[in-house]
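# Coordinate inspection notes
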Amino acid sequence: MVKRFETKLLKEAFEFIKKQNLKTRKKIFQNIRRAEQQSDPKFFKKLTDEIWEFRTLYSGIQYRLLAFWDKDDKTETLVFVTHGIVKKTSKVDKKEINKANKIRNEYLKNTKR
């Protein structure tokens, strides 16, 4: 299967995943790979105009990695994962979306456009 995009973990997202146990980490990375290859909201879902989430349900716990697209590079499409959360409610907290937007804006400001 062809990859639709490449995923890059920013530091906070990497640290979040690193804190999870081995089986959970494997499941999260498996779902990221699935999202890269197929369009399925079960694995990768749009939250706002700019913020998306990688979704993993494992052992009854909902793990979410918030992310944004960088499509300006003509050679590849990148998705940057800003940070991760464990969801306790059905909706992603607005402050987490705002945090992802802030990281996105900082990234865009610091890259050559």
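Throughout what follows, the structure given in this document is the object of discussion. All of these numbers come straight from a predicted model, not from anything done at the bench.

### Considering the overall build of the chain
For the chain, the helix and strand inventory stands at three helices and five strands. In sequence order, the secondary structure elements of the chain are arranged as β-α-α-β-β-β-β-α. A globule of 113 residues ought to have a C-alpha radius of gyration of about 13 Å, and the chain, at 14 Å, matches this closely. For the C-alpha atoms alone, the extent of the chain along its principal axes is close to 40 × 35 × 25 Å. Put simply, the chain has 113 residues, and 37% of those count as buried.

### Side note on the pattern of salt bridges
Summed over all chains, the structure comprises eight salt bridges. Put simply, glutamate 53 and arginine 64 hold a salt bridge, and the shortest N to O gap is 3.2 Å. A residue pair is termed long-range when its members are at least 10 positions apart, and glutamate 53 in strand S3 (residues 52-58) and arginine 64 in strand S4 (residues 61-70) qualify at eleven residues. In this structure, the salt-bridge partner of lysine 109 is glutamate 106, at a minimum N-O distance of 3.7 Å. With a gap of three residues between them, lysine 109 and glutamate 106 both fall in helix H3 (residues 94-110), about one helical turn apart.

### Some thoughts on unusual backbone geometry
Phi is positive for serine 59, which is not a glycine, with a value near 55°. Here serine 59 lies in the loop between S3 and S4.

### As for the sheet that holds strand S1 (residues 6-9)
Read from one edge to the other, the open sheet built from five strands follows the order S1-S5-S4-S3-S2, with strand pairing classed as mixed. Both outer strands of the open sheet, S1 and strand S2 (44-46), are each paired with one neighbouring strand and no more. Averaged over all adjacent pairs, the angle separating strand axes in this sheet is 35°, with direction ignored. Note that S2 and S3 share three bridges and pair antiparallel. Its bridge partner lying in S3, lysine 45 is registered against glutamate 53. Relative to strand S5 (residues 78-87), helix H1 (residues 11-18) is tilted by about 45°, and along the sheet it contacts S1, S4 and S5. Packed onto the sheet, helix H2 (residues 22-37) meets S1, S2, S3 and S4 and runs at close to 135° relative to S3.

Reading guide: rules and limits
Residues numbered from 1 in each chain as written. Predicted model: local features only at pLDDT ≥ 70, side-chain atom pairs only at ≥ 80, totals over all residues. Heavy atoms only, no water. Helix = DSSP H or I, 4+ residues; strand = E, 2+ residues; numbered from the N terminus. Rg over C-alpha atoms; globule rule 2.2 N^0.38 Å. Buried < 20%, exposed > 50% of the residue type's maximum accessible area, 1.4 Å probe, protein only. Salt bridge = Lys/Arg side-chain N within 4 Å of Asp/Glu carboxyl O. Pairing = 2+ DSSP bridges. Axes fitted to C-alpha atoms, helices over the stretch in contact; angles between N-to-C directions. Contact = heavy atoms within 4.5 Å.

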